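Spelled out from the first residue to the last, the chains are:
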Amino acid sequence: MAPERAEPGGDVHVDVEGRTLKLGNLTKVLYPRTGTTKGEVLDYYARIAPTMLPHLRDRAVTRIRWPHGVAEGSFFEKNVPAGTPGWVRTVTVPTSGRRSGQGEGTITFPVVDDLATLTWLANLAALELHVHQWRVGRNGRPRNADRIVVDLDPGEPAGLHECCQVALLTRDALAERDLHARPVLSGSKGLHLYADLPSRLPPDDSTALAKEVAEQLQQAHPALVTATMTKSRRGGKVFFDWSQNAGSKTTVAPYSLRGRERPFVAAPVSWDEVSAGAEDPFGLDQLRFEEVLERVADVGDLFAVT
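Heads up: these notes are all about the structure in this document. Just so it is clear, the model here is predicted, and its values are computed rather than measured. (Residues numbered from 1 in each chain as written. Predicted model: local features only at pLDDT ≥ 70, side-chain atom pairs only at ≥ 80, totals over all residues. Heavy atoms only, no water.)

## Overview of the overall build of the chain
And then number 1: Scanning the chain for helices and strands turns up 7 helices and 19 strands.
And then number 2: Referenced to the eigenvectors of the C-alpha coordinate spread, the extents of the chain come out at roughly 65 × 45 × 35 Å.
And then number 3: Going through the 306 residues of the chain one by one, you find that 53% of them count as buried.
And then number 4: By sequence separation, contacts in the chain at least 24 residues apart represent 65% of the contacts at least 6 residues apart.
And then number 5: Accessible surface for the chain amounts to roughly 13700 Å². Of this, 47% is attributable to carbon and sulfur atoms.
And then number 6: Each charge sign in the chain was given a centre, from 36 positive and 39 negative side chains, and these centres are 6 Å apart. (Helix = DSSP H or I, 4+ residues; strand = E, 2+ residues; numbered from the N terminus. Buried < 20%, exposed > 50% of the residue type's maximum accessible area, 1.4 Å probe, protein only. Contact = heavy atoms within 4.5 Å. Areas by Shrake-Rupley, 256 points an atom, 1.4 Å probe, with all protein chains shown as cover. Lys, Arg positive; Asp, Glu negative; His and termini not counted. Charge placed at Lys NZ, Arg CZ, Asp CG, Glu CD.)

## Describing the side chain of Thr207
And then number 1: The topology assignment puts Thr207 in helix H4 (residues 203-220).
And then number 2: In this structure, Thr207 is in contact with Trp242, Asn245 and Ala246, ignoring residues within four places of it in sequence.

## Here we look at the pattern of salt bridges
And then number 1: The full count for this structure, using the stated rule, is 18 salt bridges.
And then number 2: A salt bridge links Glu77 to Arg65, with the nearest nitrogen and oxygen atoms 3.0 Å apart. You can see Glu77 sitting in strand E7 (residues 75-77) and its partner Arg65 sitting in strand E6 (residues 61-65), a full 12 residues away along the chain. Both residues of the pair, Glu77 and Arg65, count as buried. (Salt bridge = Lys/Arg side-chain N within 4 Å of Asp/Glu carboxyl O.)

## Quick look at the side chain of Gln133
And then number 1: With respect to the helices and strands, the residue Gln133 is situated in the loop between strand E10 (126-131) and strand E11 (134-136).
And then number 2: On the basis of relative accessibility, which here comes to 2%, the residue Gln133 falls in the buried class.
And then number 3: Only 3.4 Å separates the side chain of Gln133 from the side chain of Thr251, close enough to count as a polar contact.
And then number 4: Once you skip the residues sitting within four places of it in the chain, Gln133 turns out to touch Arg59, Ala145, Asp146, Arg147, Val149, Tyr194, Gln244, Asn245 and Thr251. (Polar contact = N/O pair within 3.5 Å; in protein donor to acceptor, adjacent residues only side chain to side chain.)

## Overview of helix H6 (residues 289-299)
And then number 1: Residues of H6 that are buried: Phe289, Val292, Leu293 and Val296. Here the buried residues of H6 occupy an arc of 100 degrees about the axis, which is enough to place them on one side. Facing away from the buried side of H6 by over 90 degrees, the exposed positions are Glu294, Asp298 and Val299.
And then number 2: Structurally, H6 contributes buried residues whose contacts are with strand E5 (36-37), helix H1 (38-56), strand E18 (264-265) and strand E19 (287-288). (Arc of directions from axis to C-beta.)

## With respect to the sheet that holds E6
The pairing of strands in a sheet happens through backbone hydrogen bonds and is either parallel or antiparallel.
And then number 1: Pairing in this open sheet of 4 strands is antiparallel, and the strands run E7-E6-E10-E17 from one edge to the other. The sheet is open, and its two borders are formed by E7 and strand E17 (251-252), each paired with just one other strand.
And then number 2: Inspection of the sheet shows E10 paired to E17 by 2 bridges, in the antiparallel sense. Of the residues in E17, the one forming a bridge with His130 is Val252. (Pairing = 2+ DSSP bridges.)

## Remarks on the packing of helix H3 (residues 160-175) against helix H5 (residues 271-279)
And then number 1: At a minimum axis distance of 7 Å, the contact between H3 and H5 shows a crossing angle of 130 degrees. With respect to their mutual orientation, H3 and H5 come out oblique. The handedness of the crossing between H3 and H5 comes out as left-handed. The segment H3 lies against H5, with His161, Cys164, Gln165, Ala167, Leu168 and Arg171 engaging Trp271, Val274, Ser275, Gly277, Ala278 and Glu279.
And then number 2: A per-class count over the contact of H3 with H5 returns 6 nonpolar, 4 polar and 2 charged. (Axes fitted to C-alpha atoms, helices over the stretch in contact; angles between N-to-C directions. Parallel < 35°, antiparallel > 145°, perpendicular 65-115°, else oblique. Left-handed = near helix turned anticlockwise from the far one by under 90°. Nonpolar A, V, L, I, M, F, W, Y, C, P; charged D, E, K, R; others polar.)

## Digging into the environment of Pro154
And then number 1: Relative to the helices and strands, Pro154 is located in strand E12 (residues 142-154).
And then number 2: In this structure Pro154 comes out as buried when scored by relative accessible area, which is 6%.
And then number 3: Spatially, the C-alpha atom of Pro154 lies 19 Å from that of Ala173, the residues being 19 residues apart in sequence.
And then number 4: Setting aside anything within four residues of it in sequence, one finds Pro154 in contact with Gly159, Cys163, Lys189, Gly190, Lys237 and Val238.

Quick look at the structure:
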């Protein structure tokens, strides 16, 4: 991503793989607690792109944008905004039926297959990129789910320590079904687990599979795990959220930044690290973007090899 020219107002034109993008407000602080600027966010996404893009490929992307920084308001964005460049790949998805849970209509999502699109979204202060568990087929239509995801969300006073304990139990329960789980720090409070499916399943079926595992663990470990959505019943337990496998639901993508006080990342980790977090309340913590870049340089893509 090479600068071409700067404008008097501070905007910069850059060439990104043959696309010319206008980037603005690079010194704007998006994370006041750490002083992290929009320029640093753009730099992170440019540097993590070779690792992140394969996990975004062919997936419709919902964004959460913080145009004035994480201390101010944010908004979800599904449809591509006005002024979207013509070279951005999109997919139009019907919103009727169980896939969306909404009324009839369509949503036109961007698909982030290249650095230029990723940079364009980061320039819009789209800090968080969320994806479905299905991919877009060659015909431009959504396919069935190719993986399941589990969101382990702790209810206070439970925390990441308890999530790690439940993650190990979930890994074993999925292994009993010949599914290999990969752990990802949520960048918030908990953990996400992903498991590729040997064959694609309709979202209703993949959701039922995740719910079956959730209820199995809730029955076996009622003091630690709950599969119940009601927040008042989660205190001191880890909520096993199986619902994000529905066709309309999304989960923050691996390597995405989070819009929290600090620039934490949905960061893949190893099972050894999860085991350390299960044994020691201080054995594992959420990771900032600088740490994630260092880890990728040292050990590569844990989401691909774990």
